[in-house]
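Report on the structure
Read off the chains here:
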Amino acid sequence: MKKVDSRKNAKNVAKSAKDSKIVDLGSRLVDDSAILQVYARLPLVFERGSGVYLYDKVGKEYLDFGAGIAVNALGYGNESFNSALKAQIDKLLHISNLYYNLPAIEAAKKLAKASGLDQVFFTNSGAEACEGALKVAKKYAYQKGIKSPQIIAMHNSFHGRTLGALSVTGNSAYQKPFKPLLSGVKFAHFNDIASVEKLITPKTCAIILETIQGEGGVTPASKEFLHTIRKLCDKHDMLLILDEIQCGMGRSGTMFAYEQYGIMPDIITTAKALGCGVPVGAFVLSQRVADLSLKPGDHGSTYGGNPFVCAAVSKVFDIFDEMKIVQRVAKLTPTLTQTLQELCDSYDFLQSVRGKGFLQGIQIDPKSKIQAKDIVQLATEQGLIILSASQNVLRFAPPLVITKEHIELMRLKLTRALDRLDR
């Protein structure tokens, strides 16, 4: 009998089945034809996580410095968090917003206190939180008698993929196939106050920006820029909306990044680490803005703020307090920054380090022709999960529970990946 080369046969099967979405995952072939192909996925299936590590189907270990894109702040398998979720499952998963539920009341109080704002609306995602914030701004303008209100957003920003959030996302490639979008949106240049000032008209009702641009290249707002934006909003009675979906919840070294600037927004949006893996977001607003905007019937969500997700949010705040997560990030930030800077100094194709806390990026020299996505792939082969961002930036957003030892291990794994390019 002729001997069959199983590896060659598997490749032939994968090739012949290209149209039916057969993916070769190394240890097995998987048909993902039922999944809408909108993600450029790496050929990996993660089966479980523990601490700050992920494990694939064959048991290979990966140090996670992406945290599900800044979601898994507590890492994986936190017993206290898991127990709280299991306990709530046994009580009540969902009840409509026609009634009260205690987890939502408790979670809202903790989020309002942490943010320094007053009123909370829970959503299912960050994009929905941005949609809600935009509706608040529009209703605020409506109450003032402004017809066809305008909003100023920033180039290179990212606020979500729904049509409203996409309308204030400063990336034409994302927007082009879905136009016409929300009217009355104008784009200024991030950290360029003159570009903002020239866009302000009597119809401008709000300015929306990320305190730290994440997808746009891990770029923090300058202190002067954000302070001046706040003054302009006060002067012209415009609302300042800060998107802290990625940079908030302790990631910057304070609970919310705007705390480091000494200003208060009128509205914030948050999600990601708010639920540490449970899909939940929120927009939070000041009492003054709440009183002058949304009323009963103006907004709603079937699942928003249900008992299960709010039990998760409430427990996240408890664990953050018990483990002193924010203080932990602030203490370890210099170690992470120094490590990334040393890596940057060691390779000619790496230019600079920027960011705050545990949301940092390394700019790759555009002249090098090296792509961030290629380094992400090489790092994955070394058992390290990192992210990329636009403008050809490597993005680091690890769980907030990492240690100095994990930072050093990240350095070793990333060095092995970068050495392959350097050669």
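Residues numbered from 1 in each chain as written. Predicted model: local features only at pLDDT ≥ 70, side-chain atom pairs only at ≥ 80, totals over all residues. Heavy atoms only, no water.

Here the second largest pocket defines a volume of roughly 960 Å³. Listed by contribution, the elements that provide at least two residues to the lining of the second largest pocket are helix H4 (102–115), strand E6 (119–123) and strand E14 (281–285). Residue composition of the lining of the second largest pocket, grouped by class: 15 nonpolar, 10 polar and 4 charged. (1 Å grid on protein atoms, 1.4 Å probe; cavity = no way out; pocket = protein on both sides within 12 Å on 5 of 7 lines; lining within 4 Å. Points joined across faces, edges and corners; volume = space filled by probe spheres on them. Helix = DSSP H or I, 4+ residues; strand = E, 2+ residues; numbered from the N terminus. Nonpolar A, V, L, I, M, F, W, Y, C, P; charged D, E, K, R; others polar.)

This part covers the side chain of Ser-115. Structurally, Ser-115 is set in helix H4. A distance of 3.1 Å separates a polar side-chain atom of Ser-115 from the backbone nitrogen of Leu-117. Those residues within four positions of Ser-115 in sequence are excluded, and the remaining contacts are Phe-256, Tyr-258, Met-264, Ile-268 and Val-284. (Polar contact = N/O pair within 3.5 Å; in protein donor to acceptor, adjacent residues only side chain to side chain. Contact = heavy atoms within 4.5 Å.)

For the rest of this paragraph, the subject is the pattern of salt bridges. Enumeration according to the criterion identifies 11 salt bridges in this entry. Glu-47 is paired through a salt bridge with Lys-57; the nearest N and O atoms lie 3.1 Å apart. With Glu-47 in strand E3 (residues 46–50) and Lys-57 in the loop between strand E4 (53–56) and strand E5 (61–64), the pair connects residues that are 10 residues apart, well separated along the chain. Overall, Lys-57 belongs to the partly exposed group, its relative accessible area being 36%. The salt bridge involving Arg-230 is made with Asp-234; its shortest N-O contact spans 2.9 Å. Highlighted residues: Arg-230 and Asp-234, both in helix H9 (residues 223–236), separated by 4 residues, approximately one helical turn. Owing to a relative accessible area of 11%, Arg-230 belongs among the buried residues under this scheme. (Salt bridge = Lys/Arg side-chain N within 4 Å of Asp/Glu carboxyl O. Buried < 20%, exposed > 50% of the residue type's maximum accessible area, 1.4 Å probe, protein only.)

Bringing the sheet that holds strand E12 (residues 239–243) into the picture now. Pairing in this open sheet of 7 strands is mixed, and the strands run E6-E14-E13-E12-E9-E7-E8 from one edge to the other. This sheet does not close on itself; its edge strands, each paired only once, are E6 and strand E8 (185–188). Pairwise comparison of adjacent strand axes, ignoring direction, gives a mean angle of 20 degrees for this sheet. Relative to strand E9 (residues 204–210), strand E7 (residues 150–154) is paired through 3 bridges, and the arrangement is parallel. Bridge assignment links Gln-150 to a residue of E9, and that residue is Thr-204. (Pairing = 2+ DSSP bridges. Axes fitted to C-alpha atoms, helices over the stretch in contact; angles between N-to-C directions.)

Our next topic: a nonpolar patch on the surface. On the surface, Leu-36, Val-38 and Tyr-39 cluster together into a nonpolar patch covering about 380 Å² of accessible area. Along the chain, Tyr-39 falls in the loop between strand E2 (29–31) and E3. Relative accessible area serves as the criterion here: at 58%, Tyr-39 is assigned to the exposed category. (Patch = residues over 30% accessible without salt bridge, like charges linked within 9 Å, V, L, I, M, F, W, Y side chains within 5 Å. Areas by Shrake-Rupley, 256 points an atom, 1.4 Å probe, with all protein chains shown as cover.)

Before going further, it helps to examine the sheet that holds E3. Taken in spatial order, the 4 strands line up as E3-E4-E5-E17 in an open sheet, and their pairing is mixed. If you trace the sheet from one side to the other, it starts and ends with E3 and strand E17 (384–385), each paired once. Where E4 and E5 come together, 3 bridges link them in antiparallel fashion. Bridged to Tyr-55 within E5 is Glu-61.

It is worth spelling out the pairing of E12 at this point. Most of E12 sits out of view: 5 of its 5 residues are buried. Neither face of E12 is open: one carries Leu-239, Ile-241 and Asp-243, the other Leu-240 and Leu-242, and all of them are buried. As judged from the 5 bridges shared by E9 and E12, these two strands associate in the parallel manner. By the bridge assignment for E12, Ile-208 is matched with Ile-241. Where E12 lies against strand E13 (residues 267–270), 3 bridges are found, and the strand directions are parallel. Bridge assignment links Leu-242 to a residue of E13, and that residue is Ile-268.

The values are spatial; any link to function lies outside them.
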